[in-house]
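This is what each chain is made of:
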Amino acid sequence: MNMSFYNAAVGAFQQQLRMNVQSQNIANINTQGFRCERAAFGELMNRNVVGIDEERLPKGTGARMIHAPIDFSTRGYKDTGLTFDFAINGDGFFALFDPATQEISYTRDGSFQMNEFQVPPAEDAEPEYDENGELIEAQPTSVWRLSDNQGRCVLDPQGNFIVIDPENREAPVDVGVFDFAIHYGMEHASGSRLLATEKNGQLYLGTGQVVRGLLEMSNTDLTQEFIKVIESQRAFSYCLKMVTTSDEIETTFNNLRG
């Protein structure tokens, strides 16, 4: 009885984890460039037992969600016509640099904008003096860069910041496209951003072509997600029913012994 109770409790908890994956996918149905996750399950410890006529029968302790790999398929694009909207036709990611944390993340969401940044003076800059010989304190300079809506700077193919001329916003922009040999193992950050891990290997320039005025849509299929939600709900209810049944059987045994 304890084994059936344990298997059911583990199953119910694992279905809750699966529901978390589905809820995240559904919540990002309208997030540009979002990549949904697919819950993958595996067996827990199992062994074979001897059944009728010496038949070997499997006996396990349930299943668990091993991981939730990211689905990197593309569903389509939408035409926005906006100057700083970009999409990648093919493989690869845009690279974003966070000045506050020095973190580099990757995304397929090209909904960028022009933001003003303050650049501190160079440490090796020549000192300047006024007409009275007084040292003029160096001031930060203002520069406009291509960035996302949270202050992260978009990188060009050489890994440099992309500077925008406010007087000529329609000028061609050389947005970098980067890729990894292995996509498996990338981790979700906030929104549609992804973080690379050691599993992904060496970073290199991607083969995808940047298209201006388009945005890539989320690859979440709402129909499939709702189907998986129903499956998880039913599996969860079956596990709870199994817990209840195991408890009733054990209660009956205890009453018989009394």
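Note that the coordinates shown come from a computational prediction; the quantities given were computed from them, not determined experimentally.

(A) Geometry of the overall build of the protein chain. Of regular secondary structure, the protein chain possesses 2 helices and 20 strands. Within the protein chain, the proportion of its 258 residues that are buried is 34%. Looking at the protein chain alone, contacts between residues at least 24 apart form 67% of all its contacts between residues at least 6 apart. Element-wise, carbon and sulfur atoms account for 52% of the exposed surface of the protein chain, whose accessible area totals about 15,900 Å².

(B) Structural view of the pattern of salt bridges. Throughout the structure, instances matching the rule amount to 8 salt bridges. Notably, a salt bridge pairs Asp98 with Arg152, separated by 4.0 Å at the nearest N-O pair. Taken together, the residues Asp98 in the loop between strand S7 (94-97) and strand S8 (104-107) and Arg152 in the loop between strand S13 (141-147) and strand S14 (153-154) connect sequence positions 54 residues apart. Under the relative-accessibility criterion, Asp98 is labelled buried at 14%. Residue class for Arg152 comes out buried when judged on its relative accessible area of 9%. With its nearest N and O atoms 3.0 Å apart, the salt bridge here joins Arg152 to Asp148. Asp148 carries the same exposure label as Arg152, and that label is buried. The network of salt bridges with common partners includes Arg35, Arg108 and Glu216.

(C) Highlighting helix H1 (residues 2-27). Its 26 residues place the ends of H1 38 Å apart at the C-alpha level, agreeing with the 38 Å of an ideal helix rising 1.5 Å per residue. Listing the buried residues of H1 in full gives Ser4, Asn7, Ala8, Val10, Gly11, Ala12, Gln14, Gln15, Arg18, Val21, Gln22 and Asn25.

(D) A look at the packing of aromatic side chains. With the rule as written, the count across this model stands at 5 aromatic pairs. For the ring pair Phe86 and Phe112, a centre distance of 6.2 Å and an interplane angle of 35° mean the geometry is tilted. One end of the pair, Phe86, is in strand S6 (residues 85-89); the other, Phe112, is in the loop between strand S9 (110-111) and strand S10 (113-119), and 26 residues separate them in sequence. Site record: aromatic cluster; members linked through ring pairs are Phe86, Phe94 and Phe112. A cation over an aromatic ring shows up here: Arg145 above the ring of Phe117, its NZ or CZ 5.2 Å from the ring centre.

(E) Geometry of the pairing of S7. Burial along S7 is two-sided: Phe94 and Leu96 facing one way and Ala95 and Phe97 facing the other are all buried. In this structure, S7 lies alongside S8, joined through 4 bridges in antiparallel fashion. When the sheet's bridge partners are listed, Ala95 is paired in S8 with Tyr106. The turn joining S7 and S8, which pair antiparallel and follow one another in sequence, is formed by 6 residues; a positive phi near 65° is taken by Gln102. Relative to S14, S7 runs antiparallel, the two sharing 2 bridges. Bridging from a neighbouring strand, Leu96 pairs with Val154 of S14.

(F) The side chain of Glu37, seen in detail. Within the element layout of this structure, Glu37 appears in the loop between H1 and strand S1 (40-43). Here Glu37 sits buried without a salt bridge, and the closest side chain of opposite charge, Arg38, lies 9.6 Å off (N-O distance).

(G) Molecular detail of the environment of Gly159. Residue placement: Gly159 occurs in the loop between S14 and strand S15 (178-180). Relative accessible area serves as the criterion here: at 38%, Gly159 is assigned to the partly exposed category. Taking the C-alpha atoms as reference points, Gly159 and Phe97, 62 residues apart in sequence, are found 9.3 Å from one another.

Thresholds, definitions, all that
Residues numbered from 1 in each chain as written. Predicted model: local features only at pLDDT ≥ 70, side-chain atom pairs only at ≥ 80, totals over all residues. Heavy atoms only, no water. Helix = DSSP H or I, 4+ residues; strand = E, 2+ residues; numbered from the N terminus. Buried < 20%, exposed > 50% of the residue type's maximum accessible area, 1.4 Å probe, protein only. Contact = heavy atoms within 4.5 Å. Areas by Shrake-Rupley, 256 points an atom, 1.4 Å probe, with all protein chains shown as cover. Salt bridge = Lys/Arg side-chain N within 4 Å of Asp/Glu carboxyl O. Expected span 1.5 Å × (residues − 1). Phe/Tyr/Trp six-rings, centres within 6.5 Å; stacked < 30°, edge-to-face > 60°. Lys NZ or Arg CZ within 6 Å of the ring centre and 35° of its normal. Pairing = 2+ DSSP bridges. Lys, Arg positive; Asp, Glu negative; His and termini not counted.

Nothing here speaks to function; it is geometry throughout.
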